[in-house]
Amino acid sequence: MEMDKLGVVTTFIHNIVVYNIPLLYGTVGEIVVEKSGSLNLGVEGIMAVGAIFGYIVGCYTNSMLVGILTAFAMGALMGLLFAALTVSLQANQNITGLTLTTFGLGVYFFVGNAIKAVAWPAMSDYSSIKNGFADIAIPGLSQIPVIGKGLFSHNILVYLGVVIALCMWYYLNRTNPGLRLRAVGENPGSADSVGINVKRVKYLHICLGCGIMGIGGYYMGLNMSGSFNSACWINGYGWIAVALVIFANWNPTMAILGTFVFGFFNTLRVSGSSLAVAFPEALGWLAKVPTQLYQALPFIITAIVLVVTSVRKREGSGLPAALGLNYFREER
Amino acid sequence: MPEQYAIEMRGITKRFGTKVLANDNINLNLRQGEILSLLGENGSGKTTLMNMLSGIYAPDAGQILVDGKPVSITSPEDAKRLGIGMVHQHFKLVDVFSAADNIWMGREKSGFGLNRRRYDEIEAMAKKFGFDIDPRKKVCNMAVSEKQTLEIIKVLYYGAKIIILDEPTAVLTVQEIEKLFAVLRRMKQEGHSIIIITHKLNEVMDISDRVAILRKGQYITTVNTADTNEQELTEWMVGRKIDLNIARPVVEKTRPLLEIRDLTIKNDEGATAIDKVNFYIRGGEILGVAGIAGCGQKELCEAIAGLRPIQSGLMIHKGDNIVGLPPKAILEKGISMSFIPEDRLGMGLAPSLSITDNMILKNYADAKGLFVDRKTGRADAQRIIEELEVVTPSTETPVRRLSGGNVQKVLLGREIKAGPNVIVTAYPVRGLDINSSYAIYDILNQQKQDGVGILFVGEDLDVMLALCDKIMVLCHGKVMGVVHAHKTTKEELGLMMTGALDLTDKYEDKPAGIARDTNITQEQLKAAQEEGEN
């Protein structure tokens, strides 16, 4: 009986990771984009485009690697569109981002429905995709009681997401290209004046960040076992990622923590009742909380985080000073 | 063989849009190892011309030669490669970066990993050039002069042989300017060629070997500094003879109109902006407020106008406490404020409204009935245009279409129209050319002769010394003393501005900033003290 209860906890932790790691992809991708001074509100659409193309091409080639690369490429292509509009043509970033969301969701359903009309590839038919998405236990760590199986026995894309987040942290803070990227996001005028190619830096990192988002979208498709219906796989996660960037204070490692916190509440909504059943004395009250509250919690937390971060002094904030502003050298 | 110049600009023309001709067929030479002053009024095209050397703008026509060879400069990268470095007026620094990172970010071939020893390398390099900086200090924690030093180190680090400085002295105190000039002279000796943009004549005479003059986008001439004088330079710069003396009429003073006691104000960040300040203004005098930018001038003006709450202290106008009164009530008492912010249009006027509408803005509430009284507004606008010689096509022209001097005349004119007894004016000649500046001084002097008390927050110490009766010096929100303008010197003011000299206890029998014939009653003082203790 005792073991069973701990099993519920393990499953709960496992679910936090499995269902919410796309948030990490979206957040880290958006951090990279925003660090270049571009506010991209198109995360939802970009993830959707990455998802649909990644899934279909991945299945057709029966290769998860091709799926990942396709998702990245399609996300980056969306980023290229965003960069062309905002960096070269100086379009308003907010509106361009919102347009990309609408556009991306449109592409998602257009392509998805077109394929479905012919023959929808079911994930179970493609062995290397199915096996590629299977959990891999990390030797040693996964043996830790309760949390081992919850945290260290996951599919390859979970590990990849964490690795990308850590790499991006290192890239931003410990490398010369990262320093130049931050300079562009903080003050493109000064970056330009010391000979940094502002346009190139922006293009590169918008595409890189959007590509990372695309992989996150692909993950969501795989996690839904590729069942295509009237609801989009991304399901609002792109928007939460935009908020998580602020929660993470533009720090990719903090994004891992942010994903956990948001994921915790997300999972509470879905499997809070199983906790209540397993621990009737301590957590029985969970069953009585209306699910609407759980649904609202991530957004309530976002609102609180927004208030806290706006109070925080400028120096500790990772907010790029030139975020959302287009740069035009000859502006007077 | 013709002389080989460090830089030769031939027939440079630059337009913005179709209307603005910023530079018209300009020829400019910079000799090897000289300091050349580029002199001209605001809007004469000095910065535009230099930005074409630094790669910010590309010329529409003309040719640039560096060391005798024709070059094309299409980006700051090109300029850097050619050994041209520019210290911009608005510093191009990343606030949240350390000094070292600001330099490091522009380094070429720096590899992938960020070198941990960059701090040591930058510090050693700065020492080599004779500068002492803390490479780990973040720019946002630096004083203005430190930022400027960092900018100079930056261009030196990138190997600049030709250094352009855009109005480097505008933000510095007298002592800091001397230090900067010493640095420039040393760089000159080491073989650097320097262009310094300025519109201050005394600095031109002091630092430069030659002077090039621009006027309204046209090249006028280049002369040896030794062969000219301030009067001649002014005539070239303005285009006609002008009297450089500012009048200071002596007027009989009234009892204190506005008295400030122990005033403490916080700024937007919650830090103390004005710290226990005492001063008073009499009718018929101009009290200057000097200080480095951002040492509480803005907060002080806003507090007097009722736009900013105060922490503690008294503000007594003709015996009545105005602390806590709404801005409108303060206005009705005859205290008017005109603040010219750095962008010049931010405060006081609505840029896209016409002159008439801007007049109406101030007194629309007095009009009877439901509808806006345009007739009076238009008449007011017409009167100001005539009296102050505002150059405008009509009363209905949007304010932002006027030139800076005319905008400022409209603003001051509107404030004066209401017949105030106290005028608080901050930077009224900010960014104005000599002609317009003198028009503004005349307006202020006229008001002073009519018995108005004027608080003049200024930037240019020479002007303040000539125009003001007394000057109060602020340093980090504290008063360093109130001195008589005809008894003090620029050097003394400079020392006070940096906090090196405190003259508040100069007169033992009279505490600084407290009038002998004060209107403040003991009850008011006591009430304020009790409030301060709570």
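Residues numbered from 1 in each chain as written. Chains lettered and ligands numbered in written order. Predicted model: local features only at pLDDT ≥ 70, side-chain atom pairs only at ≥ 80, totals over all residues. Heavy atoms only, no water.

### Considerations on the overall build of chain A
Thinking step 1. In terms of helices and strands, chain A carries 14 helices and two strands.
Thinking step 2. Burial status across chain A gives 54% buried among its 332 residues.
Thinking step 3. Contacts in chain A between residues far apart in sequence, at least 24 positions, make up 78% of those at least 6 positions apart.
Thinking step 4. Only carbon and sulfur atoms are counted for the fraction: they give 69% of the accessible area of chain A, which is about 14,000 Å². (Helix = DSSP H or I, 4+ residues; strand = E, 2+ residues; numbered from the N terminus. Buried < 20%, exposed > 50% of the residue type's maximum accessible area, 1.4 Å probe, protein only. Contact = heavy atoms within 4.5 Å. Areas by Shrake-Rupley, 256 points an atom, 1.4 Å probe, with all protein chains shown as cover.)

### A short note on the nonpolar core
Thinking step 1. Of all hydrophobic cores here, the largest spans 134 residues; its most connected members are Leu157, Tyr218, Leu222, Trp233 and Ile234 of chain A together with Leu184 of chain B.
Thinking step 2. For this core, the leading source of residues is helix α1 (residues 2–35) of chain A, giving 13 residues.
Thinking step 3. Among residues more than four places away in sequence, those in contact with Leu222 of chain A are Tyr55, Met64, Met123, Ile129, Phe133 and Leu157 of chain A.
Thinking step 4. Core analysis: the second largest hydrophobic core is formed by 57 residues, Val223, Ile385, Ile440 and Met464 of chain B among them. (Core = buried A, V, L, I, M, F, W, Y, C linked by side-chain atoms within 4.5 Å.)

### Notes on a nonpolar patch on the surface
Thinking step 1. A cluster of nonpolar side chains, contributed by Leu293, Ile300, Ile304 and Val308 of chain A, occupies part of the molecular surface with about 340 Å² of accessible area.
Thinking step 2. Structurally, Ile300 of chain A is set in helix α14 (residues 291–311). (Patch = residues over 30% accessible without salt bridge, like charges linked within 9 Å, V, L, I, M, F, W, Y side chains within 5 Å. Salt bridge = Lys/Arg side-chain N within 4 Å of Asp/Glu carboxyl O.)

### Digging into the packing of aromatic side chains
Thinking step 1. Under the defined criterion, the tally for this structure stands at 16 aromatic pairs over all chains.
Thinking step 2. When the ring of Phe228 of chain A is compared with that of Trp233 of chain A, the centres are 6.3 Å apart and the planes differ by 90°; the resulting orientation is edge-to-face.
Thinking step 3. By relative accessible area, Phe228 of chain A is classed as buried at 6%.
Thinking step 4. The exposure class assigned to Trp233 of chain A is buried, which follows from its relative accessible area of 1%.
Thinking step 5. Between Tyr157 of chain B and Tyr158 of chain B the ring centres are 6.1 Å apart and the planes differ by 70°, which places this aromatic pair in the edge-to-face class.
Thinking step 6. By the ring-pair criterion, three or more aromatic residues cluster together here, those being Tyr55, Tyr108, Phe109, Trp120, Phe228 and Trp233 of chain A.
Thinking step 7. Looking at Arg107 of chain B, its charged tip hangs above the ring of Trp104 of chain B, at a distance of 4.0 Å from the centre. (Phe/Tyr/Trp six-rings, centres within 6.5 Å; stacked < 30°, edge-to-face > 60°. Lys NZ or Arg CZ within 6 Å of the ring centre and 35° of its normal.)

### Describing the pairing of strand β11 (residues 256–266) of chain B
It is a general feature of regular strands that their side chains alternate between the two faces of the sheet.
Residue and element names in this part refer to chain B.
Thinking step 1. Most of β11 is tucked away, with nine of its 11 residues classed as buried.
Thinking step 2. Where β11 and strand β12 (residues 272–282) come together, seven bridges link them in antiparallel fashion. Residue pairing for β12: Leu263 is matched across the bridge by Val277.
Thinking step 3. Counted between consecutive antiparallel strands, the loop separating β11 from β12 contains five residues, among which Gly270 sits at a positive phi close to 90°.
Thinking step 4. Bridge analysis of β11 against strand β14 (residues 312–317) gives five bridges, and the strand direction is antiparallel. Across the sheet, the residue bridging to Arg261 is Leu314, located in β14. (Pairing = 2+ DSSP bridges.)

### With respect to the pairing of strand β1 (residues 7–16) of chain B
All names here are of chain B.
Thinking step 1. Most of β1 sits inside the fold, with eight of its 10 residues counted as buried.
Thinking step 2. The pairing of β1 with strand β2 (residues 20–30) spans seven bridges and is classified as antiparallel. Bridge assignment links Lys14 to a residue of β2, and that residue is Asn23.
Thinking step 3. By the bridge criterion, five bridges tie β1 to strand β4 (residues 61–66) in an arrangement that is antiparallel. Bridged to Arg10 within β4 is Gln63.

### Looking at the interface of chain B and chain A
Thinking step 1. Every contact between the two is made by 35 residues of chain B and, on the other side, 26 residues of chain A.
Thinking step 2. For chain B, the biggest contributors to the area lost against chain A are Met105, Phe112 and Leu114 of chain B; these three give 24% of the whole.
Thinking step 3. Remark: the boundary between chain B and chain A carries zero salt bridges.
Thinking step 4. Taken together, the connections running from chain B to chain A amount to seven residue pairs in polar contact (both at pLDDT 80 or more). (Buried area = accessible area lost by both parts, 1.4 Å probe. Polar contact = N/O pair within 3.5 Å; in protein donor to acceptor, adjacent residues only side chain to side chain.)

### Regarding the packing of helix α5 (residues 144–157) of chain B against helix α6 (residues 174–189) of chain B
Two measures define how a pair of helices packs: the angle their axes make with one another and the distance between the axes.
All names here are of chain B.
Thinking step 1. It is at 11 Å that the axes of α5 and α6 come closest, and there the two elements cross at 10°. Here α6 runs roughly parallel to α5, going by the angle between their axes. From α5, Ser145, Gln148, Ile152 and Leu156 reach across to α6, where they touch Glu176, Leu180 and Met187.
Thinking step 2. Partitioned by chemical class, the residues of the contact of α5 with α6 number four nonpolar, two polar and one charged. (Axes fitted to C-alpha atoms, helices over the stretch in contact; angles between N-to-C directions. Parallel < 35°, antiparallel > 145°, perpendicular 65-115°, else oblique. Nonpolar A, V, L, I, M, F, W, Y, C, P; charged D, E, K, R; others polar.)

### Concerning unusual backbone geometry
Thinking step 1. The phi torsion at Ser225 of chain A lies on the positive side, around 55°, for a residue other than glycine.
Thinking step 2. With respect to the secondary-structure elements, Ser225 of chain A resides in the loop between α10 (198–223) and α11 (237–247).
Thinking step 3. Overall, the relative accessible area of 48% leaves Ser225 of chain A in the partly exposed class.
Thinking step 4. Here Asn25 of chain B, not a glycine, exhibits a phi torsion of approximately 50°, which is positive.
Thinking step 5. Its place among the elements puts Asn25 of chain B in strand β2.

### Considerations on the confidence of the model for chain B
Residues shown with low pLDDT carry predicted positions that ought not to be read at fine detail.
Thinking step 1. Averaged over every residue, the pLDDT of chain B is 85; residues scoring 70 or more account for 96%.
Thinking step 2. On the interface metric, ipTM, the complex scores 0.87, and its pTM is 0.78. (pLDDT = per-residue confidence, 0-100.)

### Quick notes on the pattern of salt bridges
Thinking step 1. A complete count under the given rule lists 26 salt bridges over all chains for this structure.
Thinking step 2. For Asp192 of chain A, the salt bridge is made with Arg329 of chain A, and the minimal N-O distance between the two is 2.6 Å. A residue pair is termed long-range when its members are at least 10 positions apart, and Asp192 of chain A in helix α9 (residues 188–193) and Arg329 of chain A in the segment after α14 qualify at 137 residues.
Thinking step 3. Put simply, Glu8 of chain B and Arg10 of chain B hold a salt bridge, and the shortest N to O gap is 3.2 Å.
Thinking step 4. The network of salt bridges with common partners includes Asp268, Lys298, Glu302 and Arg308 of chain B.

### Digging into the domain arrangement of chain B
Residues and elements named next belong to chain B.
Thinking step 1. Split by domain assignment, chain B resolves into domain 1 (7–238), domain 2 (256–336 + 420–533) and domain 3 (351–418).
Thinking step 2. Spacing between the C-alpha centres of domain 1 and domain 2 amounts to 36 Å.
Thinking step 3. Counting from both sides, the interface comprises 10 residues of domain 1 and, opposite them, 14 residues of domain 2.
Thinking step 4. Summing both sides of the interface, domain 1 and domain 2 together bury roughly 990 Å²; the carbon and sulfur share of this comes to 61%.
Thinking step 5. If you look at where domain 1 meets domain 2, you find zero salt bridges.
Thinking step 6. At the surface where domain 1 touches domain 2, the tally comes to two residue pairs in polar contact (both at pLDDT 80 or more).
Thinking step 7. Elements with a contribution of two residues or more to the side of domain 1 that touches domain 2: α6 and α8 (230–238). (Domains from an automatic or database assignment.)

### Here's the deal with the environment of Glu8 of chain B
All names here are of chain B.
Thinking step 1. Tracing the chain through its elements places Glu8 in strand β1.
Thinking step 2. Residue classification places Glu8 among the buried residues on the basis of a relative accessible area of 16%.
Thinking step 3. Each C-alpha atom of the pair Glu8 and Glu387 lies 46 Å from the other, and the pair is 379 residues apart in sequence.
Thinking step 4. Residues within four places of Glu8 in sequence aside, it is in contact with Leu28, Asn29, Gln63, Ile64 and Leu65.
Thinking step 5. Only 3.2 Å separates the side chain of Glu8 from the side chain of Arg10, close enough to count as a polar contact.

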